[in-house]
Amino acid sequence: MRPDPIQRIDTAFFWEACARGEFVAQKCEPCNKLWHPPRPMCPDCHSLEKSVATLSGNAKVLSWVRQVRPASYGFQESPIVILVELEEGLRMVSNWIGETLPQIGDDVKVEFAPTSGGKAVPVFKKVSA
Amino acid sequence: MPAAHEQACIVGIGQTEFSKASGRSEQQLAAEAVLKACQDAGIDPKSIDGMLTFDLDNSDEVDIMRSLGCEAIKYTARLPQGGASSVSTIVHGKHAVEAGFCDVMVIWRAMNERSQYRFGQPHHSMSPDAHSSTFMEWCFPFGAQTPAAWEALSCGPYMHKFGVTSEDLGRIAVTFRKAAATNPAAWFYGKPITLDDHQSSRWIVEPTLRLLDCCQESDGGVAILITRADRAKDLKQVAVRILGAEYSMLFNHEIISDFYAGDLIRTENSESVADKLAVTAGLAPKETDVAMIYDNFTPQILRQLEGFKYCGIGEAKDYVADGHLELDGTTPLSPNGGLMGEGYIHGMNNITEGVRQIRGTAANQIKNAQTAFLASGVAGAIIGR
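Residues numbered from 1 in each chain as written. Chains lettered and ligands numbered in written order. Predicted model: local features only at pLDDT ≥ 70, side-chain atom pairs only at ≥ 80, totals over all residues. Heavy atoms only, no water.

Student: Would you mind going over the nonpolar core with me for this structure?
Tutor: Among soluble globular proteins, nonpolar side chains are generally buried collectively. Formed by 73 residues in total, the largest nonpolar core has its most connected members in Ile10(B), Ile90(B), Met105(B), Ile224(B), Ile226(B), Leu305(B) and Ile383(B). Take this core: its biggest share by element is five residues, from helix H3 (residues 85-98) of chain B. Setting aside residues no more than four positions away along its own chain, Ile226(B) makes contact with Ala8(B), Cys9(B), Ile10(B), Ile90(B), Gly93(B), Lys94(B), Val97(B), Asp103(B), Val104(B), Met105(B), Ile107(B) and Ile242(B). Trp15(A), Met92(A), Phe124(A) and Ile204(B) belong to the second-largest nonpolar core, a separate cluster that totals 50 residues. (Core = buried A, V, L, I, M, F, W, Y, C linked by side-chain atoms within 4.5 Å. Buried < 20%, exposed > 50% of the residue type's maximum accessible area, 1.4 Å probe, protein only. Helix = DSSP H or I, 4+ residues; strand = E, 2+ residues; numbered from the N terminus. Contact = heavy atoms within 4.5 Å.)

Next up, the structure:
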């Protein structure tokens, strides 16, 4: 199990989508750009008009770590943390699901992992070649 | 550029002992450090009229006034972004004093981050809406909950690309501890380490950071006094001029959790600071005599050596291995032993060491040090006589 996500007014849509098993990003309506982490305003055109875009869930591992001391709080054992670059160009911190250690450059696909309070967060599993 | 008589100078420095259990409040540590800085300068604490600290500092301005008896404050500010604030205080201190916002600016940072709380451990009570911590939302539920984890994750692509090994990082730790071993103020005074010690130290974050790649958690307080040159000349110490001080935070970057912008290889904020300093201070960081570079974790030294243009991109590990950072090398690094060897007062004890080097009063004095570079990632300053 893992801790619930921290949720803020401008980011709730992301975590609510995760709870439904949907992987999304903020999309600026006028200029169609995607942004992560979410923010109240599009930094390119400054529009406040946003929608939610569904993402492919395909990504590549850029970096990985595992907290040893202290172990990760709220987990039975420290997970492998990965930084991924999504197919759509956004970057995100997440977790690696798998028996072996990740390699930088591994192709991964999104899944969802439950949290202690009944919510969910996106995690990634290696795509077998 | 200000006229010479209006230029901001560091005229006083103060610090408590650096320990693991101070036995007194953070507010008292702050007050003691400020008083020592005033005594060092020969300035009456009552005449302090400007105050700067970190947004993370727990001591309130009103309480510092109450202890020191400051009669009237004309300027206060608190700076964001954790340890990056350390040299940012010099940027703000310089400009506030030169602009006439105040005449006697005190900067302090005091913390019981070992005995009262643990700065390096998960902060699960932190509000994501305040104090430079919005990034926590995107790290915490994935188990990336400590500064060491954020640092290691952001340095991964750089280390992978250039084949940086744990031994490469270990050489940096050995350098800091060698300097600390001959600095009586350092927590690790008399305790140098070998590369083997580094290699056998336990993992903090796999596959990157061992215990000896990390700065300390320390209790202590540090204070710095800044005033203009025309007033500085009548004070007790040789005035240390702030020749240039610059800050640069580029779009979509973060401080330690710097995952979202750039190529994760270059340290663009630091590059921008170095470029600006070359103009405003009239010399580049690598042209100074001493480098005081923020060392929260060993990879940061590699990234900043490249960002501040001491060497080319990807060359830092060889720059270290070639001995340039030794006290008799071309870039003597943190002769106090840095935040790893001396103590971790959020970077501020590296600034006081830079001042001592220019005064010629440091424990590990670099011969003929005329200028020093102070750096904390997004901020850099060059000080000199």
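Here the narrative resumes.
Student: I tried to follow the interface of chain B and chain A on my own but got confused; where do I start?
Tutor: Put simply, an interface is often sized by how much accessible area is lost when its parts join up. Counting residues at the interface gives 38 residues for chain B, matched by 39 residues for chain A. Taken over both partners, the interface formed by chain B and chain A buries close to 3,300 Å², and the fraction arising from carbon and sulfur atoms is 65%. The tally of links between chain B and chain A comes to two salt bridges. Put simply, Arg8(A) and Glu137(B) hold a salt bridge, and the shortest N to O gap is 2.7 Å. For the pair chain B and chain A, the interface holds 16 residue pairs in polar contact (both at pLDDT 80 or more). Ranked by residue count, the leading element in the side of chain B that touches chain A is helix H4 (residues 147-162) of chain B, at six residues. When grouped by side-chain class, the residues that make up the side of chain B that touches chain A number 22 nonpolar, eleven polar and five charged. As paired elements, strand E4 (residues 58-67) of chain A and strand E5 (residues 203-206) of chain B share two bridges and run antiparallel to each other. Considered in E5(B), the bridge of Gln67(A) is made with Val205(B). (Buried area = accessible area lost by both parts, 1.4 Å probe. Salt bridge = Lys/Arg side-chain N within 4 Å of Asp/Glu carboxyl O. Polar contact = N/O pair within 3.5 Å; in protein donor to acceptor, adjacent residues only side chain to side chain. Nonpolar A, V, L, I, M, F, W, Y, C, P; charged D, E, K, R; others polar. Pairing = 2+ DSSP bridges.)

Student: Explain helix H2 (residues 61-68) of chain B to me, please; I cannot follow it from the model alone.
Tutor: Since the α-helix advances by 3.6 residues per turn, residues separated by three or four positions end up pointing in the same direction. All names here are of chain B. Along H2, the positions that sit buried rather than exposed are Glu61, Ile64 and Leu68. Take H2 and look down its axis: the buried residues cluster within an arc of 60 degrees, on one side only. Each element contacted by the buried residues of H2 is listed here: helix H1 (26-41), strand E2 (50-54), strand E3 (75-79) and strand E4 (105-112). Between the side-chain oxygen at the start of H2 and the backbone nitrogen of Val62 there is a gap of 2.9 Å, and the oxygen is on Asp60. One or two positions beyond H2, positive phi appears at Gly69, with a value near 75 degrees. (Arc of directions from axis to C-beta.)

Student: It is not clear to me how the environment of Arg266(B) should be interpreted in this structure. Could you clarify?
Tutor: Residues and elements named next belong to chain B. Relative to the elements of secondary structure, Arg266 occurs in the loop between strand E8 (240-247) and helix H8 (268-280). For Arg266, a relative accessible area of 38% puts it in the partly exposed group. Along the backbone, Arg266 and His92 are 174 residues apart, and their C-alpha atoms lie at a distance of 26 Å. The contacts of Arg266, once residues within four sequence positions are left out, are Glu271, Arg303 and Ile313. Here Glu271 takes part through its side chain, which lies 2.6 Å from a polar atom of the side chain of Arg266.

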